[in-house]
Amino acid sequence: MAARKGRRRTCGTGEPMEAESSDARTEGPAQVYLPGRGPPLREGEELVMDEEAYVLYHRAQTGAPCLSFDIVRDHLGDSRTELPLTLYLCAGTQAESAQSNRLMMLRMHNLHGTKPPPSEGSDDEEEEEDEEEEEERKPQLELAMVPHYGGINRVRVSWLGDEPVAAVWSEKGQVEVFALRRLLQVVHDPQALATFLRDEQARVKPIFAFAGHMGEGFALDWSPRVSGRLLTGDCQKNIHLWTPVDGGSWHVDQRPFMGHTRSVEDLQWSPTEDTVFASCSADASIRIWDIRAAPGKACMLTTATAHDGDVNVISWSRREPFLLSGGDDGALKIWDLRQFKSGSPVATFKQHVAPVTSVEWHPQDSGVFAASGADNQITQWDLAVERDPEAGDAETDPALADLPQQLLFVHQGETDLKELHWHPQCPGVLVSTALSGFTVFRTISV
């Protein structure tokens, strides 16, 4: 692969650790597989993980799959890279029956880095030591959960002062807010966790609920600037503003922000302005709003045809005036908000061959972002990357020759990817959820 301005560009295949064998595509060396480029996998062929492409790689399953989750900021420090890692996730299930769903707090800890392959000629004593070390390196998972009637479409976590809360969009058509302090406490103490699951979980209720959306939805975002301020958008094209009031409650404006003509798919508050937010919709548009105006007149800017079809997800960069979007057309687009009126993105990338399901800017590195797609790919990108003219014939593989220069890494091996997030306190660590479960990983590229 070509060297890229201090980053290693890798089309490594992240595949479940259980995948131990593969029928080679040819009798020669292993080949890189990329969906939509080159021949498809043949019957009997399997993807094999290139462990050298990962600094960290772990998987976890929680029973029913989770459509959405959020990373809970913790008090363990920022910019931490020392292994093993500990992290906290809040997630909601999509179970087969409404009464089987749960809102969950996950504590994942003892997450060690990928292990180098054993050296040749290792003896029995070394193997025994390796087995002991393997036992010590086993990842750990504690799980506290509360019943939730109805599948959970989206979860977003915020800290209101010292109180962690989760906003939850239910398939039953209402948005609820749950207090998370007790769940965070019990995942640290096995005895307290057992008591909670036995005596307390069934009694946990939301601290607030809003049923005024008249149908289900997915769009949800807490303001990063005004504590407790929340936006919710539904499949009926309406957006509602939640304003916190004394006593740990909210006033929800019954007058919706109107402008979209189909389902509101995602919402993002501006990271720099208290009153500005962006929305995207199945009507193919992206809109910028200002809540200082009356809801019927609050839409300030519109790009009517941002994608060829539904715009599924957006992410507003916290470091540059850029908005990132992903659509049913598989395209990833970068919008410079200073030029938003032009209706043209400043960059378009087409690596995914199915709808994009999640996008997010790296919280520290301004040019880096990640995306997931219904093609079971997670891609990592860097806008600052340029082709290295000294790389020579490093990219002679025809399947790789026409890859976008800014594509750093392709992770595969998940089934039905839904959502991803960068860990805000652990640089480079990505977490994803899919039908196949949760994956926590860091690549050599970011």
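Just so it is clear, the structure is predicted and the values come from calculations on it, not from any experiment.

A short note on the pattern of salt bridges
- Applying the stated criterion across every chain, the model contains 16 salt bridges.
- The residue Asp78 makes a salt bridge to Arg73 at a minimum N-O spacing of 3.1 Å.
- Judged by relative accessible area, Arg73 falls into the partly exposed class, the value being 37%.
- We note a salt bridge from Glu142 to Arg107, for which the minimum N-O separation is 3.4 Å. Placement of the pair is Glu142 in strand β7 (residues 140–147) and Arg107 in strand β6 (residues 102–111), with a sequence separation of 35 residues.
- Taking the relative accessible area as the measure of exposure, Glu142 reaches 21% and is therefore partly exposed.

Observations concerning the pairing of strand β3 (residues 54–60)
- With five of its seven residues buried, β3 lies for the most part within the structure.
- Relative to strand β30 (residues 437–443), β3 runs antiparallel, the two being bridged by six bridges. Each residue of the ladder has a partner; that of Arg59, found in β30, is Thr439.

Focus on the nonpolar core
- Cys90, Leu103, Met105 and Val155 are the most contacted members of the largest nonpolar core, which totals 21 residues.
- At the level of secondary structure, the elements contributing two or more residues to this core comprise β5 (85–93), β6, β7, β8 (152–160), β9 (163–170), α2 (181–186) and α3 (190–200).
- Membership of the second largest hydrophobic core comes to 18 residues, among which are Phe69, Met104, Val431 and Phe438.

As for α3
- Here α3 has its buried residues at Ala192, Leu193 and Phe196. Projected down its long axis, α3 shows its buried positions confined to an angular sector of 100°, all on one face. Seen from the buried face of α3, the exposed residues on the opposite side, beyond 90 degrees, are Pro190, Gln191 and Arg198.
- Buried residues belonging to α3 abut β7 and α2.
- Two to three positions downstream of the cap, the backbone nitrogen of Gln191 sits 3.0 Å from a side-chain oxygen, assigning the N-cap of α3 to Asp189.

Focus on the packing of aromatic side chains
- The final tally for this structure, using the stated rule, is 19 aromatic pairs.
- Look at Phe277 and Trp289: their rings are 5.7 Å apart centre to centre, the planes differ by 5°, and that puts the pair in the stacked class. With Phe277 in strand β17 (residues 276–281) and Trp289 in strand β18 (residues 286–290), this pair connects stretches of sequence that are twelve residues apart. Across the pair, Trp289 and Phe277 agree in class, each one buried.
- With a centroid separation of 5.9 Å and an interplanar angle of 65°, the aromatic rings of Trp335 and Phe340 are classed as edge-to-face.

Things to note about the sheet that holds β8
- Pairing is antiparallel in the open sheet, where four strands are placed in the order β8-β9-β10-β11. What marks the edges here is a single partner per strand, and that holds for β8 and β11 (208–210). On average, each strand axis in the sheet is inclined to that of its neighbour by 20°, with strand direction left out of account.
- Here β8 pairs with β9 via eight bridges, running antiparallel. Considered in β9, the bridge of Trp159 is made with Pro164.

Thoughts on the UniProt feature "repeat: WD" (unreviewed entry) in the protein
- This chain's UniProt record puts "repeat: WD" (unreviewed entry) on residues 257–292, 304–338 and 349–383.
- Counting secondary structure, residues 257–292 comes out at 0% helix and 47% strand; the distance between its end C-alpha atoms is 12 Å.
- For the annotated span residues 349–383, helix accounts for 0% and strand for 51% of the residues, and the straight-line distance between the end C-alpha atoms is 11 Å.

About the cut-offs
Residues numbered from 1 in each chain as written. Predicted model: local features only at pLDDT ≥ 70, side-chain atom pairs only at ≥ 80, totals over all residues. Heavy atoms only, no water. Salt bridge = Lys/Arg side-chain N within 4 Å of Asp/Glu carboxyl O. Buried < 20%, exposed > 50% of the residue type's maximum accessible area, 1.4 Å probe, protein only. Helix = DSSP H or I, 4+ residues; strand = E, 2+ residues; numbered from the N terminus. Pairing = 2+ DSSP bridges. Core = buried A, V, L, I, M, F, W, Y, C linked by side-chain atoms within 4.5 Å. Arc of directions from axis to C-beta. Contact = heavy atoms within 4.5 Å. Polar contact = N/O pair within 3.5 Å; in protein donor to acceptor, adjacent residues only side chain to side chain. Phe/Tyr/Trp six-rings, centres within 6.5 Å; stacked < 30°, edge-to-face > 60°. Axes fitted to C-alpha atoms, helices over the stretch in contact; angles between N-to-C directions. UniProt positions renumbered as here; feature names shortened; annotations may be inferred.

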